[in-house]
Amino acid sequence: MSDPKIRDIRTILTQPDNNALTVVKVETTEPGLYGLGCATYDRQPFTVKTAVDEYLRPFLIGRSVSDIEDIWQSANVSSYWRNGTVLGDALSGVDQALWDIKGKMADMPVYDLLGGRAREAAAVYVHPSGPDNEAVEDQVRAYIEQGFHYLRVQVETPGYQTYGAQGAGEVSGRAGTMGGPRAVTAWRGGIFEPRPYMNSALSLFDHLRSKVGWDFEMLHDVHERIPAIDGVWLAKEVEQYRLFFLEDLFTPEDQDYFRQVREICTTPIAMGELWSNPHEIIPMVRDRLVDYIRIHVSRVGGLTPCRKYAALSEMFGVRTVWHGPSGTSPVGHAANLMLELNTWNFGVHEWAVFPERTREVFPGSPEVRDGHMWPNGKPGLGIDMDEKLAAKYPIQERDMFRELVRRADGAIVRP
Ligand code: MG
């Protein structure tokens, strides 16, 4: 095979289920040789499409597909200002597709290109949740029965909007059933109050450890919603429940508070799905303020930067748990798996359990069994996309502001 060039770059939008998925297809001058990459930014799919089609496409057509590193470095500074989320996702679509192409050219899975496997398969975590402790317990038991060992548990706070657990308070904004502040009005995104939330979360951990026991890994996501000093207190308070990790205790703006957490407890800390800039990430790893980096791989530009963050983290005893909600396409999950198989300092894979319809659009989606995600051994990322089927599921119009959550007095809650 002579030196194939980038012949075209196309952005494919599809929404087979709940999430707007964005995939970039890089086509080459070699007939039949193409690659796929995840560029999913589910809140702004059309912005990313514009960035790929109108800026990266004309910049990159004609480049040799072999030069992934130079393509990433040059595209990253091509618009001078960088480290933004939209360019990150756009760049990731191209970057992952180029790794996919390189793997196909070498007839190797991408984890082999990265240096080979450090493990056979990647343990995954799933997301039991429910309206009360008993309902979460039922789901926890069901997942354990299915072979899952890592479980992120979230329970609804009665009367309040709660991250990770649907239910009362979600839209109506009726608040105050736990004795917290009364809602001054109803907000579309619902009402959140820190103290009732912390009470319900602690009650859940206590319930699960006393009823189900200690023989599973318990994870929890605070989602940055509580005041920073309450976060410091919560980290100390949950130490007794021996979590696998406590996620997003603070916003990136407040992340210096992790220094205080480190001084008072050993609760393992996960952080990073909102990071997009190296300056947010490097000090947290270097100063060992987190135990798990939760970077959203497409948001920072794809496999090329993330394999470097993984290597940096290994040197500081920090492990990887790439952000993997249903807002990461199956192509993105396949890319995450490639890193996880190669990275020695891997923690766990966040798995979204895609419905059948999404899996049909993406033949070759990674298989999950026995609580682990397994590679299929095919060259590149090992996954394909049925474009005709994808076209049957156009992106749905979405009320972007529906999810904004407020305090009982109407002040916005971050994030
Ligand atoms: Mg999270």
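Structure report, in brief.

Basis of the calculations
- Residues numbered from 1 in each chain as written.
- Predicted model: local features only at pLDDT ≥ 70, side-chain atom pairs only at ≥ 80, totals over all residues.
- Heavy atoms only, no water.
- Helix = DSSP H or I, 4+ residues; strand = E, 2+ residues; numbered from the N terminus.
- Rg over C-alpha atoms; globule rule 2.2 N^0.38 Å.
- Buried < 20%, exposed > 50% of the residue type's maximum accessible area, 1.4 Å probe, protein only.
- Contact = heavy atoms within 4.5 Å.
- Areas by Shrake-Rupley, 256 points an atom, 1.4 Å probe, with all protein chains shown as cover.
- Lys, Arg positive; Asp, Glu negative; His and termini not counted.
- Charge placed at Lys NZ, Arg CZ, Asp CG, Glu CD.
- Donors = N, O, S within 2.8 Å, 3.2 Å for Na, K, Ca; no water.
- Pairing = 2+ DSSP bridges.
- Salt bridge = Lys/Arg side-chain N within 4 Å of Asp/Glu carboxyl O.
- Polar contact = N/O pair within 3.5 Å; in protein donor to acceptor, adjacent residues only side chain to side chain.
- Bend = angle between axes of the 7 residues up to and from the residue.

**Brief notes about the overall build of the protein**
A count of helical and extended segments in the protein gives 13 helices and 15 strands. For a compact globule of 415 residues, the expected C-alpha radius of gyration is about 22 Å, and the protein comes in at 21 Å, within 12% of that figure. Seen along its three principal axes, the alpha-carbon backbone of the protein occupies a region of about 70 × 45 × 40 Å. Put simply, the protein has 415 residues, and 56% of those count as buried. Contacts spanning at least 24 positions in sequence make up 68% of the contacts within the protein whose residues lie at least 6 apart. Summing over all exposed atoms, the protein offers an accessible surface of approximately 17,300 Å²; the carbon and sulfur share of this is 49%. One way to put it: in the protein the 44 positive side-chain charges average out to a point 2 Å from where the 57 negative ones average out.

**Here's the deal with the coordination of the magnesium ion**
Around the magnesium ion, the protein supplies Asp221 (OD), Glu247 (OE) and Glu273 (OE) as donor atoms, at distances of 2.1 to 2.2 Å. Along the chain, the residues donating to the magnesium ion fall in the pattern D-x25-E-x25-E. Placement of the pair is Asp221 in strand E8 (residues 217–221) and Glu247 in strand E9 (residues 245–247), with a sequence separation of 26 residues. A residue is classified by how much of its surface remains accessible, and Glu247, at 0% relative accessible area, is buried.

**Section: the pairing of strand E2 (residues 21–28)**
Remark: a regular strand shows side chains that alternate across the two faces of the sheet. Buried residues dominate E2, accounting for eight of its eight residues. Burial of E2 is two-sided: the residues Leu21, Val23, Lys25 and Glu27 facing one way and the residues Thr22, Val24, Val26 and Thr28 facing the other way are all buried. Sheet analysis places strand E1 (residues 6–14) next to E2, joined by eight bridges and oriented antiparallel. Note that in E2 the partner of Thr14 across the bridge is Leu21. What sits between the antiparallel neighbours E1 and E2 is a turn of six residues. The pairing of E2 with strand E3 (residues 34–38) spans five bridges and is classified as antiparallel. Paired with Val23 across the strands is Cys38, a residue of E3. Linking E2 back to E3 in an antiparallel pair, the connection comprises five residues, with Gly32 at a positive phi of about 85 degrees.

**Here's the deal with the pattern of salt bridges**
Under the criterion given, the structure shown has 27 salt bridges. Residue Arg294 is joined to Glu273 by a salt bridge in which the shortest nitrogen-to-oxygen separation is 4.0 Å. Of the two residues, Arg294 sits in the loop between strand E11 (292–293) and helix H10 (303–315) while Glu273 sits in the loop between strand E10 (269–271) and helix H9 (278–286), which places them 21 residues apart along the sequence. Where Arg286 meets Asp287, a salt bridge forms, and the shortest distance between an N and an O atom there is 2.9 Å. A cluster of three or more residues bridged by salt bridges with shared partners is formed by Arg7, Arg10, Lys25, Glu27 and Glu387.

**Side note on the side chain of Asp8**
Checked against the element boundaries, Asp8 lands in strand E1. At a separation of 2.8 Å, a polar atom in the side chain of Asp8 contacts the side chain of Arg57. Residues in contact with Asp8, not counting those within four places in the same chain, are Lys25, Val26, Glu27, Arg57 and Ile61.

**Structural notes on the environment of Leu208**
Within the fold, Leu208 resides in helix H6 (residues 194–211). When its relative accessible area of 0% is taken as the criterion, Leu208 is described as buried. Between the C-alpha atoms of Leu208 and Arg357, which are 149 residues apart in sequence, the distance is 33 Å. Not counting residues within four places of it along the chain, the set of residues in contact with Leu208 comprises Val136, Glu137, Val140, Val153, Gly213, Phe216 and Met218.

**Looking at helix H1 (residues 45–60)**
Along H1, the sharpest change in direction is near 30 degrees and occurs at Val52. Those residues of H1 that sit buried are Pro45, Val48, Ala51, Val52, Asp53, Leu56 and Leu60. Those residues of H1 hidden inside the fold are in contact with E1, E2, helix H2 (68–76) and helix H3 (85–106).

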